[in-house]
Amino acid sequence: MNKLKTIIDFIRSTFQEPTKFIPLHDPRFIGNEVKYMQECIESNFVSSVGEFVGRFEKMCTEYTGAQYAVAAMNGTSALHIALQLSGVQRDDEVITQALTFIATANAISYTGAYPVFLDVDKETMGLSPSAVEAWLAENVEMREMPTANSQQLTANSQQPTANSQRPMANGQQPFNKHTHRRISACVPMHTFGHPVKTDKLLEVLNHYNIPLIEDAAESIGSYYKGKHTGNFGKFGILSFNGNKIITTGGGGMILTDDEGLAKLAKHITTQAKVPHPWEYRHDMTGYNYRLTNIAAALGCAQMEKLDYLLQLKRDLADKYKEFFKDTEFKFFTEPENCKSNYWLNAIITKDRAQRDEILEFTNSRGVMTRPIWELMTRLPMFANCQTDSLENSKWLADRVVNLPSSAIVQGYRKNL
Ligand SMILES: *Cc1c(COP(=O)(O)O)cnc(C)c1O
């Protein structure tokens, strides 16, 4: 128990919080949040119209390097739309990792596609390119698809089409030779802000003509080989939920380099209304997935402080790293070729029993810690999905403990 007491003492002294509850992650409002939200109220633009949405989108393109960014009401809806606009259709299969937050799998389910849950790498906790490669080699056959009558979307497409199919030039598409379903996307997730081995994954997916869609919900401010996560495939998505590094209360962002798809994403997230001075005309099944102007105002203020908050989070991770160096626990550090945002700090314990011992000890003493998510394949709605050995996923699920990770801003809300 003594070593666990030392951990608590370290966390409490680092957060300068001798007695009160220490959460896993909470937001920091240290800039223009109130000012911008007040501007919304005073201008009366609080909802679907207003300047902050466009400003927030622009800030996200500038920050991430994506050509286009389309705001959505949360990360889950952003991912749903990204999948749909990538051409994922009912009864397709979509590859993702078993070790992820439920939102990744739920978004796949919304499209009517079947998720396939593969293993992660131990060094990244994200989707393993070699697991994907092995599974594809065993299950895929390429089939020639007629391209003539398939709906090709172009940048200048005047007729937005839901569920657009975007076959590659040669018309070869990957099918699962056992289920006979088309494999229409792959969704890796950058766990806790640590990027997956993106180069290798892209190489594998390109070989099979499978579009990449990054669930970068946790990885704003994280880079793989100098490029911001969410920028490597057809789409990436970000989340601005209350527990992420910066927040809009609830919010998400769709990132893409494709102008036509960006326009379509804006259209479909705003009820697919055809622009007209007064008529209500809608040309496809749209969604009310837009972000409100109030939320976007909060987002603009938060973006202004992102770099500062990222630095504070790195400082905290460095302290944890130093502390755990002399213990039996392994502090999880950014993978090779990556710059991570250290959204949630994590340690690896010896086994599940030790993991549970730490969770019990810390949570009963006002220091919030959490295990990693239950594997998707262990949840009732995904129990029958295709999967592989999940060796690393199971190993990590037994051992990971997340530690308090909020940015430490001196004197912040001490009176709360
Ligand atoms: C936060 C998160 C999302 C999106 O969550 P929202 O609450 O809908 O913004 C999606 N995937 C992962 C892995 C996440 O952590």
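Throughout what follows, the structure given in this document is the object of discussion. (Residues numbered from 1 in each chain as written. Predicted model: local features only at pLDDT ≥ 70, side-chain atom pairs only at ≥ 80, totals over all residues. Heavy atoms only, no water.)

1. Re the overall build of the chain
Link 1 in the chain: Within the chain one finds twelve helices and 16 strands.
Link 2 in the chain: What you see for the chain is a C-alpha radius of gyration of 22 Å, in line with the 22 Å of a compact globule of 416 residues.
Link 3 in the chain: Along the longest, intermediate and shortest principal axes, the C-alpha atoms of the chain span 70 × 60 × 35 Å.
Link 4 in the chain: The burial tally for the chain puts 56% of its 416 residues in the buried class.
Link 5 in the chain: Of all intrachain contacts in the chain linking residues separated by at least 6 positions in sequence, the fraction that spans at least 24 positions is 73%.
Link 6 in the chain: Here the chain has roughly 17800 Å² of accessible surface; of this, 51% comes from carbon and sulfur atoms.
Link 7 in the chain: Averaging the positions of the 44 positive and the 46 negative side-chain charges in the chain gives two centres separated by 3 Å. (Helix = DSSP H or I, 4+ residues; strand = E, 2+ residues; numbered from the N terminus. Rg over C-alpha atoms; globule rule 2.2 N^0.38 Å. Buried < 20%, exposed > 50% of the residue type's maximum accessible area, 1.4 Å probe, protein only. Contact = heavy atoms within 4.5 Å. Areas by Shrake-Rupley, 256 points an atom, 1.4 Å probe, with all protein chains shown as cover. Lys, Arg positive; Asp, Glu negative; His and termini not counted. Charge placed at Lys NZ, Arg CZ, Asp CG, Glu CD.)

2. A look at the pattern of salt bridges
Link 1 in the chain: Counted by the stated rule, this structure contains 22 salt bridges.
Link 2 in the chain: A salt bridge links Asp 9 to Lys 5; its shortest N-O distance comes to 3.1 Å. Placement of the pair is Asp 9 and Lys 5 together in helix α1 (residues 2-14), with a separation of four residues, close to one helical turn.
Link 3 in the chain: Taking relative accessible area as the criterion, Asp 9 reaches 39% and is therefore assigned partly exposed.
Link 4 in the chain: With relative accessibility at 42%, the residue Lys 5 sits in the partly exposed group.
Link 5 in the chain: Residues Arg 314 and Glu 334 are paired through a salt bridge, measuring 2.8 Å at the closest nitrogen-oxygen approach. Note that Arg 314 is positioned in helix α10 (residues 306-324) and Glu 334 in the loop between β12 (330-331) and β13 (338-339), a separation of 20 residues in sequence. (Salt bridge = Lys/Arg side-chain N within 4 Å of Asp/Glu carboxyl O.)

3. Observations concerning the packing of helix α4 (residues 75-85) against helix α5 (residues 102-110)
Helix-helix packing is characterised by the crossing angle of the two axes and by the distance between the axes.
Link 1 in the chain: For the pair α4 and α5, interaxial distance at closest approach is 9 Å and the crossing angle is 45 degrees. In terms of orientation, α4 lies oblique with respect to α5. Like other packed secondary-structure pairs, α4 and α5 cross with a definite hand, here right-handed. Facing α4, whose interface residues are Thr 76, Leu 79, His 80 and Leu 83, α5 presents Ala 103, Thr 104, Ala 107, Ile 108 and Tyr 110.
Link 2 in the chain: Partitioned by chemical class, the residues of the contact of α4 with α5 number six nonpolar, three polar and no charged. (Axes fitted to C-alpha atoms, helices over the stretch in contact; angles between N-to-C directions. Parallel < 35°, antiparallel > 145°, perpendicular 65-115°, else oblique. Left-handed = near helix turned anticlockwise from the far one by under 90°. Nonpolar A, V, L, I, M, F, W, Y, C, P; charged D, E, K, R; others polar.)

4. Re the sheet that holds strand β8 (residues 223-224)
Link 1 in the chain: Reading across the sheet, the three strands line up as β9-β8-β13 and stay open at both edges, with antiparallel pairing between neighbours. With partners counted over all chains shown, the strands left at the sheet margins are β9 (227-228) and β13, one partner each.
Link 2 in the chain: Strand direction decides the pairing type here: β8 and β9, joined by two bridges, are antiparallel. When the sheet's bridge partners are listed, Tyr 223 is paired in β9 with His 228. (Pairing = 2+ DSSP bridges.)

5. Observations concerning the packing of α4 against helix α8 (residues 259-268)
Link 1 in the chain: As a packed pair, α4 and α8 sit with axes 11 Å apart at the nearest point and diverge in direction by 130 degrees. Here α8 runs oblique to α4, going by the angle between their axes. Once α4 is placed against α8, the crossing between them reads as right-handed. Facing α4, whose interface residues are Ile 81, Gln 84 and Leu 85, α8 presents Leu 261, Leu 264, Ala 265 and Ile 268.
Link 2 in the chain: Looking at side-chain class alone, the contact of α4 with α8 contains six nonpolar, one polar and no charged residues.

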